[in-house]
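Now for the letters of each chain:
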Amino acid sequence: MAIDICFYFQVHQPWRLRHYRFLEVGRSSVYFDEEKNAQILRKVADKCYLPMNNLLHELLTQYEGRFKVSFSISGTAIQQMESYAPDVLASFKRVFETGYAELLSETSHHSLAALYSPSEFKAQVALHRELATKHLIAPVPVFRNTELITSNQIASLVSEMGYQAMLMEGADHILRWRSPLFKYRMESAPSLVALLKNYRLSDDIAFRFSDRGWAQWPLTAEKFVSWVRMIDLENPVAARGGIPFLGLFMDYETFGEHQWASTGIFDFFRALPQRFFELRNSRFITPSEATTAALVDQNTESFLIDAPEPFSWADVERDLSAWRGNPIQDAALRAAYQIENSIRNKIKELDAETAADLLETWRRLQTSDHFYYMCTKYFADGDVHKYFNPFDSPYDAHIIYMNVIADLALRCSAQKQKIA
């Protein structure tokens, strides 16, 4: 059999808000919890980023191009690493310097701007490129939107910006009868290659690895690769003369943070490349290489993905209900983007440094995590929404966020601007 294997890791940390009270509105413009942000980043760095980067560097160097990986690293994560953990930034740079890891493009602030402000979306993509190039490496022309949020409209925007491909969730309700092993194109942007996540195999690592109640526990590298080998037995791609694309997409924090070192996750990953090499004619591939190799006929209707409504990789629904859909989320999102014109008008009155501070503050408030903390779905996905949530409840998250937005609005309306 032959199969193209693509490992992609998401790295992101938000600027979390402190418990900003209503009585502070108009009196303080200190919104973010510096101590908590530093503490969490350092914790994740020690448990995940540093040990996993060291492991990846070892494997990438050992296999000299036979093994490859890809990343998206949000601008807010880069900012926090620069401030709180420069050793982590250096360790990521060391991974990229092997030449066998690539960085994808995205928004700088892990935002939902693609849904609400195309001009701000484009500005954040440009800012991410600037930050990534300065601190790590220039991103490749493959796009990954926040939480893999995709729609016809977003795909058109991404294509217009000159990107060749976009990572997406292999959501059943989008694919219907089709396989995530194909490389597709978007109906709204036929020149854009769609590289899909195989969520079943990805989630076996990301979510089920340490679940002792799972029928397949314990998961070994040998067992996992045996499942991949079975793809060939029921593979619709090979029947059409193509090579399957296996998108193994997951949060980087899977390694050491979501799945602790004591679960054996690092040993599992260390063993994976060699086990994959046992699959005849298989190879590890990066998203840009997969794009170049895509042999998809863009005029073939069955290979086009139609997504009139946005979909994502979040929760069991694979929709946007993690960030919007309940009244408090919708109110917060409206407030965040209704203030855009006021922000842009205000910065015209300010000196360059103060204007940059105001714009950066607004962008940090666009980060999708703020709205994720307001999610009221406490069923199958409840524990996920509580993870690294600095608030006691979704309603606390909403109240504090709206207090901050109220103060920001006052700053935009004030005749004289003073940053506390």
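J.: Is there a simple way to think about the environment of E360 in this case?
T.: Examined against the element boundaries, E360 turns out to sit in helix α14 (residues 352-366). The spacing of E360 and S28 is 332 residues in sequence and 17 Å in space, taken between C-alpha atoms. For E360, the residues in contact, after removing those within four places along its chain, are Q79 and H109. Polar side-chain contacts of E360 include one of 2.8 Å to the side chain of R364.

J.: Is there a simple way to explain the domain arrangement of the protein chain in this structure?
T.: One frequently used descriptor of interface size is the decrease in accessible area upon assembly of the parts. As assigned here, the protein chain comprises domain 1 (3-305) and domain 2 (327-419). Each partner contributes to the interface: domain 1 provides 39 residues, whereas domain 2 provides 30 residues. At the boundary of domain 1 with domain 2, total buried surface from both sides reaches about 2900 Å², with 62% on carbon and sulfur atoms. Of all residues in domain 1, L17, Y31 and E120 give up the largest surface area on contact with domain 2, accounting jointly for 20% of the area buried on that side. Scanning the region where domain 1 abuts domain 2 turns up two salt bridges. For R363, the salt bridge identified is with E120, shortest N-O distance 2.7 Å.

J.: What should I look at first to understand the pairing of strand β8 (residues 245-251) in this one?
T.: A regular strand places its side chains so that they alternate between the two faces of the sheet. In terms of burial, β8 is a largely internal element, six of the seven residues being buried. Relative to β8, strand β1 (residues 4-11) is paired through seven bridges, and the arrangement is parallel. By the bridge assignment for β8, F9 is matched with M250.

J.: Sorry, what's going on with helix α8 (residues 199-206) here?
T.: Think of an α-helix as turning once every 3.6 residues; residues three or four places apart then point the same way. Counting buried residues along α8, seven of its eight residues qualify, which places the element largely inside the surrounding structure. Among all positions of α8, only Y199, L201, S202, D203, D204, I205 and A206 are buried. Those residues of α8 hidden inside the fold are in contact with β5 (165-169), α7 (172-175), β7 (189-197), α9 (221-230), β8 and α10 (265-277).

J.: In this structure, what is going on with the nonpolar core? I would like to understand it.
T.: Counting residues in each nonpolar core, the largest one holds 64 residues, and the members touching the most others are L17, W323, F371 and Y401. By residue number, the principal contributor to this core is helix α17 (residues 394-413), which donates seven residues. The residues that make up this core include at least three from each of domain 1 (3-305) and domain 2 (327-419). Once residues lying within four places of it in the same chain are set aside, the contact partners of L17 are Y31, F32, D33, L365, H370, F391, I400, Y401 and V404. Core analysis: the next-biggest nonpolar cluster, separate from the first, contains 62 residues, Y63, L136, L181 and F269 among them.

Cut-offs and rules
- Residues numbered from 1 in each chain as written.
- Predicted model: local features only at pLDDT ≥ 70, side-chain atom pairs only at ≥ 80, totals over all residues.
- Heavy atoms only, no water.
- Helix = DSSP H or I, 4+ residues; strand = E, 2+ residues; numbered from the N terminus.
- Contact = heavy atoms within 4.5 Å.
- Polar contact = N/O pair within 3.5 Å; in protein donor to acceptor, adjacent residues only side chain to side chain.
- Domains from an automatic or database assignment.
- Buried area = accessible area lost by both parts, 1.4 Å probe.
- Salt bridge = Lys/Arg side-chain N within 4 Å of Asp/Glu carboxyl O.
- Buried < 20%, exposed > 50% of the residue type's maximum accessible area, 1.4 Å probe, protein only.
- Pairing = 2+ DSSP bridges.
- Core = buried A, V, L, I, M, F, W, Y, C linked by side-chain atoms within 4.5 Å.

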